[in-house]
Amino acid sequence: MTNELTIHAPAGLPWIEFTREFDAPVSAVFNAHRDPDLVKQWLGPRGYEMTVEHWDFRDGGSYHYTHRDGANEYGFRGTFHTVRDNELAVQTFEFEGMPDEIALEFMRFVDLGPEGQPGHCRLEGRSIGSSVEGRDAMVASGMEKGMREGYERLDELVAASASA
């Protein structure tokens, strides 16, 4: 089943909201955000190689990773402010190619079972940028394609682990 990514970037405001459902338990989707060996298998667009230099997914932890597309390199870093298992992650996000444009991101992991489908969850996110111009540059950079392909890869990853 293909679940659609929904992105809302209101004109004139410095944030992006997104939602995406997964046919997997919330614990599997959360763990794929926590474990750096899993993160590098799904985060970002297809065809990019990812190196995780540092990933400390806990309150006060930090991260740094690099995507490579041929000779091009794109570095990202931030701090995890709040991490609550299977529920919430709050972090900063900075693309090193746009220093000083740091976003504050909220990701809520919502369990949609047992009243919904067992093993079904939704990721709800909001990324608040420091400026409308920075947010618009992020949108124009191909962010939606990267998110869409990354979440497709996450679907494949959690499906493979469920069948193993």
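Our subject in this report is the structure included herewith. Position numbers for residues start from 1 in each chain and track the written sequence from start to end. Per-residue local features are limited, in this predicted model, to residues with pLDDT of at least 70; the limit for side-chain atom pairs, both in listing and counting, is 80 or more; totals at the level of whole chains, interfaces and linings are taken over all residues. For side-chain calculations, the full set of non-hydrogen atoms in the structure is used, while hydrogens and water are omitted.

**A few points about the nonpolar core**
Phase 1: Definition of nonpolar core: a set of buried residues of the types Ala, Val, Leu, Ile, Met, Phe, Trp, Tyr and Cys, connected through side-chain atoms within 4.5 Å. Relative accessible area decides the class of each residue, using a 1.4 Å probe on protein chains only: under 20% of the type maximum gives buried, over 50% gives exposed, and in between gives partly exposed. Among the nonpolar cores identified, the biggest contains 33 residues, and F109, Y151 and L154 are the most heavily contacted of them.
Phase 2: Helix and strand assignments follow DSSP, with helices taken as H or I runs no shorter than four residues and strands as E runs no shorter than two, numbered in order from the N terminus. Examining the composition of this core, we find that six residues originate from one element, helix α4 (residues 143-163), more than from any other.
Phase 3: Pairs of residues are marked as contacts when any of their non-hydrogen atoms sit within 4.5 Å. If near-sequence neighbours (up to four positions away) are discounted, L154 is found in contact with F22, V29, A32, H33 and W42.

**Things to note about the sheet that holds strand β5 (residues 72-84)**
Phase 1: Ordered in space as β1-β2-β8-β7-β6-β5-β4-β3, the eight strands form an open sheet in which the pairing is antiparallel. Every interior strand has two partners, whereas the edge strands, β1 (6-8) and β3 (49-55), have only one. Here the strands of the sheet are splayed against their neighbours by 20 degrees on average, with no regard to which way each runs.
Phase 2: DSSP-based pairing: two strands are paired if at least 2 bridges between them are found. Of the strand pairs in this sheet, β1 and strand β2 (residues 15-22) are connected by three bridges, and their pairing is antiparallel. By the bridge assignment for β2, H8 is matched with E17.
Phase 3: Lines fitted to the C-alpha atoms define the axes, with helices restricted to the stretch that makes contact. Angles between their N-to-C directions range from 0 to 180 degrees. Sitting on the sheet, helix α1 (residues 26-34) is in contact with β2, β3, β5, β6 (88-95), β7 (102-111) and β8 (121-128), with an inclination near 155 degrees to β7.
Phase 4: Strand contacts of helix α3 (residues 132-140): β2, β6 and β8, with the helix running at about 40 degrees to β2, the strand carrying the most contacts.

**Some points on the pattern of salt bridges**
Phase 1: The term salt bridge refers to a side-chain nitrogen of Lys or Arg lying within 4 Å of a carboxyl oxygen of Asp or Glu. Here the structure, examined in full by the defined rule, presents 15 salt bridges.
Phase 2: Here R126 and E17 are joined by a salt bridge, their closest N and O atoms 2.3 Å apart. Taken together, the positions of R126 in strand β8 and E17 in strand β2 put the pair 109 residues apart, joining distant regions of the chain.
Phase 3: For R126, a relative accessible area of 29% puts it in the partly exposed group.
Phase 4: The residue R34 makes a salt bridge to D85 at a minimum N-O spacing of 3.1 Å. Remark: D85 occurs in the loop between β5 and β6 and R34 occurs in helix α1; sequence separation between them is 51 residues.
Phase 5: Residue classification places R34 among the partly exposed residues on the basis of a relative accessible area of 30%.
Phase 6: Bridged by salt links that share partners, the residues E4, E144 and R148 form one connected network.

**Quick notes on the packing of aromatic side chains**
Phase 1: Side-chain rings of Phe, Tyr and Trp, where Trp is taken by its six-membered ring, are said to pair if the distance between their centres is within 6.5 Å; with planes under 30 degrees apart they count as stacked, over 60 as edge-to-face, and otherwise as tilted. Applying the stated criterion across every chain, the model contains 16 aromatic pairs.
Phase 2: Relative to Y63, the ring of W55 has its centre 5.3 Å away and its plane inclined at 50 degrees; by these criteria the two rings are tilted. The residues W55 and Y63 share a single accessibility class, namely buried.
Phase 3: Grouped by ring-pair contacts, the aromatic residues F30, Y48, W55, F57, Y63, Y65, Y74, F76, F80, F93, F95 and F109 constitute a single cluster.
Phase 4: Taking NZ or CZ as reference, R20 lies 4.8 Å from the ring centre of F22, over its face.
Phase 5: Geometrically, a charge over a ring is one whose NZ (Lys) or CZ (Arg) sits within 6 Å of the ring centre while staying within 35 degrees of the ring normal. In this structure, R126 packs its charged tip against the face of W15, placed 4.3 Å from the ring centre.

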